[in-house]
Amino acid sequence: MQSFTQKLLAWYKKNGRTDLPWQKNKTAYRVWVSEIMLQQTQVKTAIPYYLRFMENFPNIETLAKASLDSILALWAGLGYYTRARNLYKTAVIIQTEYNGKFPSDVNQMIALPGIGRSTASAILAFSEKQALTILDGNVKRVLARLHAVAGWPSKPNVEKQLWQIAEAYTPTSRYIVDYTQAIMDLGATVCTRSSPKCSECPVSDECAAFIKNETALYPNKSPKKALPTKRTFFLLLKNQKGEILLEKRPETGIWGGLWSLPETTNPDLPFQCLTHYGIITKNKTQILEPIKHTFSHFKLIATPVEHLVKSTNARAMSNTSIVWHNPIHPLPKGVPAPIKKLLLHLARESL
Ligand code: SF4
C-alpha cells in the first residue's frame, strides 16, 4: 500500500467524520442520494434536505413511485434541479429495468442519468466494497496540491492525470470504504479550498504544494469566462382578493417544474397577460426591485412588475398550470428560493 494511503487511513481512524446521516446503513440508495446532493451543495446545507428526502422516500421503490412534483418540492432551495429530475429518472429505470436493485457493474451504473464515474465508484465502494477510484471536487483539490498538478482540474488532460494519481492510491477492497471516506474527509475538513490546515494534515511531508509553499496556487483556477446577463420581467399579477398568480414552469430548463412568477422578456406585459393567461389588467403598475440570481451559465436580472387584474376570461379559469396564491397562506411546495424570498417579503408587507 502506498505511504499516502497508509497515512490517510491512520489519520481517518482518529479524525474521520462518522456522524453524517448517509454514513449510517450505507445502502447503494442512501449513498447515491447523498452523492447527488453533495455534488453542488455543502454538507451542512445538504443534511436537513437529505433527512427530509429519506423520510419521504426511504427507498428506490418509494422514489420511483413518487411524482416528480413531490421530489422537486423537497429539492426546492437546493438549486441545480436537474439533479432531482435525474434522481427520479434513475429511480424509475432501476425499479423497472433492474428489479429495484442498483447494478453492481460500474459501467451500467455510469449509464444511468446523473451518475458519472466518480459517483458510480463511490456508490459501489461504499455499498459493495468494490475497489473503485473516486475523483470528486474534494479529491481533485487534494491530489492537485499533493502532486502540484498544473492546469485547471476539469480540463480533460489534467483530469486524466488526476485519475491516474487517484487510481494509484486506491487500496484493495479490504480498505476501500475507509479510504474513500478518508480522502473525502481530508478534502472537506483539512485540505479546504481556502486556507488549508496543512499543520494538521497527515500527508504534508509529501505534499508538493505545501513543500514549495504554494498551496494557494493549486488547483489552478478555471479560466474566467464572464457570464452573460439575461434580463427579463416577472409578472406579479394580483387579483381582487390580493392573490398572486403562480405558474408552473416547463419541465425542462431553469427551475423546471417549479412554481414561479410568470417570466417574460417581452416588455408589453398587459399584452402578455391577455394572450397567455386571458387576463385583462388595470393601467396602474408598480415596478419592484429587480431579482438578481446567478446560475451556472448566466446571470439573471428579472424585474418584478405588479399588475392588478381587472377581469379574467374562461381561459384563465381553466389553465391548470397556474394557481392563485394568497400571501397569507403557506407557499405551495416547490418554489425557487429567490421567488420564495420575494413572495415572503410581499406577504410581510401586506400584513
Ligand atoms: S499539506 Fe496542505 S495542501 Fe497539502 S494535502 Fe495537506 S492540507 Fe492539502
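Counting starts from 1 at the beginning of each chain's written sequence and moves along it residue by residue. Totals for whole chains, interfaces and linings use all residues, but because this is a predicted model, local features are given only for residues with pLDDT of at least 70 and pairs of side-chain atoms are given and counted only at 80 or more. To obtain the side-chain values, all non-hydrogen atoms of the structure were used and water was disregarded.

Trainee: Teacher, can you tell me more about the domain arrangement of the protein chain here?
Mentor: In many analyses, interface size is given as the accessible surface area lost on bringing the parts together. Each domain's limits were defined by an automated method or a database of domain assignments. Annotation of the protein chain at the domain level lists domain 1 (3-217) and domain 2 (229-350). On a C-alpha basis, the centroid separation for the pair domain 1 and domain 2 is 37 Å. Between domain 1 and domain 2, the contact holds nine residues from the first and 13 residues from the second. Summed over both partners, the accessible surface that disappears when two parts come together, traced with a 1.4 Å probe, is what is meant by buried area. Taken together, the two surfaces of domain 1 and domain 2 that pack against each other cover about 750 Å², and 55% of this comes from carbon and sulfur. Salt bridges are identified by distance alone: a Lys or Arg side-chain nitrogen within 4 Å of an Asp or Glu carboxyl oxygen. Between the two partners, domain 1 and domain 2, sit one salt bridge. Residue contacts are counted whenever heavy atoms from the two residues lie within 4.5 Å of one another.

Trainee: What's the story with the site of the ligand in this structure? I'm lost.
Mentor: Nearness of a residue to a molecule or strand requires only that one of the residue's heavy atoms be within 4 Å of it. As a structural note, the neighbourhood of the ligand is formed by Arg145, Val190, Cys191, Cys198, Cys201, Ser204, Cys207, Phe210 and Thr215. Tallied by class, residues from the shell around the ligand come to six nonpolar, two polar and one charged. Gly is put with the polar residues, along with every residue not named as nonpolar or charged; the nonpolar set is Ala, Val, Leu, Ile, Met, Phe, Trp, Tyr, Cys and Pro, and the charged set is Asp, Glu, Lys and Arg.

Trainee: Any chance you could explain the nonpolar core here in plain terms?
Mentor: The nonpolar side chains of a soluble globular protein tend to be buried with one another. Residues enter a nonpolar core if they are buried and are Ala, Val, Leu, Ile, Met, Phe, Trp, Tyr or Cys, with the set joined through side-chain atoms within 4.5 Å. Buried residues are those whose accessible area, probed at 1.4 Å on protein chains only, stays under 20% of the maximum for their type, while exposed residues exceed 50% and partly exposed ones sit between those limits. Judged by nonpolar contacts, the single largest core of 97 residues is most densely connected at Phe4, Tyr29, Trp32, Phe53 and Leu143. For helices the rule is a DSSP run of H or I covering at least 4 residues; for strands it is a run of E covering at least 2, with both sets numbered from the N terminus onward. Take this core: its biggest share by element is eight residues, from helix 11 (residues 176-190). The residue makeup of this core includes at least three contributed by each of domain 1 (3-217) and domain 2 (229-350). Discounting chain neighbours no more than four positions away, the residues touching phenylalanine 53 are Tyr29, Val33, Met37, Leu63, Ile71, Leu74, Trp75 and Leu87. Listed in part, the 10 residues of the second largest apolar core include Leu235, Leu269, Val305 and Ile322.

Trainee: Can you walk me through helix 10 (residues 156-169) in this structure?
Mentor: Note: α-helices contain 3.6 residues per turn, so residues at a spacing of three or four share the same orientation. To estimate how far a helix should reach, multiply one less than its number of residues by 1.5 Å. Over its 14 residues, helix 10 runs 20 Å from end to end, which matches the ideal 20 Å to within 8%, given 1.5 Å per residue. Those residues of helix 10 not exposed but buried are Val158, Leu162, Trp163, Ile165, Ala166 and Tyr169. End-on view of helix 10: buried residues confined to an arc of 165 degrees, all on one side of the axis. Counted as exposed and oriented over 90 degrees from the buried face of helix 10: Pro156, Asn157 and Lys160. Along its buried surface, helix 10 packs onto helix 1 (3-15), helix 8 (117-128), helix 9 (137-146) and helix 11. The arc refers to the directions leading from the helix axis to the C-beta atoms.

Trainee: Looking at this structure, how should I read the packing of helix 2 (residues 28-38) against helix 3 (residues 43-56)?
Mentor: To describe two helices that pack against each other, one gives the angle between their axes and the distance between the axes. Between helix 2 and helix 3, whose axes approach to 10 Å, the crossing angle comes to 140 degrees. The angle between the axes of helix 2 and helix 3 places the two elements in the oblique class. Seen along the crossing, helix 2 lies across helix 3 with a hand that is right-handed. Between helix 2 and helix 3, the residues in contact are Tyr29, Arg30, Val33, Ser34, Met37 and Leu38 and Val43, Ala46, Tyr49, Tyr50, Phe53 and Met54, respectively. Tallied by class, the residues present in the contact of helix 2 with helix 3 amount to 10 nonpolar, one polar and one charged. Here, axes are lines fitted to C-alpha atoms. For helices the fit covers the stretch in contact, and angles between N-to-C directions go from 0 to 180 degrees. Geometric relationships in this document are graded by angle, where less than 35 degrees denotes roughly parallel, more than 145 denotes roughly antiparallel, 65 to 115 denotes roughly perpendicular, and other angles denote oblique. When the near helix sits turned anticlockwise from the far one by under a right angle, the crossing is termed left-handed; a clockwise turn instead gives a right-handed crossing.

Trainee: Sorry if this is basic, but what is going on with the pattern of salt bridges here?
Mentor: A pair can form between side chains of opposite charge whenever their charged atoms are brought close. Scanning the model with the defined rule gives 10 salt bridges in all. Between lysine 7 and glutamate 206 there is a salt bridge, with its nearest N and O atoms 2.4 Å apart. Taken together, the residues lysine 7 in helix 1 and glutamate 206 in the loop between helix 11 and helix 12 (208-211) connect sequence positions 199 residues apart. Residue classification places glutamate 206 among the partly exposed residues on the basis of a relative accessible area of 26%. Residue glutamate 306 is joined to lysine 238 by a salt bridge in which the shortest nitrogen-to-oxygen separation is 3.4 Å. On the criterion of sequence distance, the pair formed by glutamate 306 in strand 7 (residues 299-312) and lysine 238 in strand 1 (residues 229-238) is long-range, its members being 68 residues apart. Its relative accessible area of 21% is what places lysine 238 among the partly exposed residues. Here the residues in one salt-bridge network are Lys7, Asp205 and Glu206, joined through shared partners.

Trainee: What should I look at first to understand unusual backbone geometry in this one?
Mentor: Tyrosine 218 connects to proline 219 through a cis peptide bond whose omega is -15 degrees. With respect to the helices and strands, the residue proline 219 is situated in the loop between helix 12 and strand 1.

Trainee: Is there a simple way to think about the packing of aromatic side chains in this case?
Mentor: The geometry of an aromatic ring pair is captured by the separation of the ring centres together with the interplanar angle, meaning the angle of the planes. Pairing of aromatic rings covers Phe, Tyr and Trp, the last through its six-membered ring, and needs centres within 6.5 Å; plane angles under 30 degrees mean stacked, over 60 mean edge-to-face, and all others mean tilted. Following the criterion strictly, the structure yields nine aromatic pairs and no others. Ring geometry for tyrosine 29 versus tryptophan 32: centroids 5.9 Å apart, planes at 55 degrees, classification tilted. Of this pair, tyrosine 29 and tryptophan 32 both sit in helix 2, separated by three residues, roughly a single helical turn. What makes tyrosine 29 buried here is its relative accessible area of 6%. Residue classification places tryptophan 32 among the buried positions, given a relative accessible area of 1%. An aromatic cluster of three or more residues is present, and its members are Phe234, Trp255, Phe295 and Phe298. Comment: the charge-over-ring label is applied if NZ (Lys) or CZ (Arg) is within 6 Å of the ring centre and within 35 degrees of the ring normal. Seen from the ring of tyrosine 49, arginine 52 lies directly overhead, with NZ or CZ sitting 4.9 Å from the centre. Taking the ring centre of tryptophan 163 as reference, the NZ or CZ of arginine 117 above it sits at 3.5 Å.

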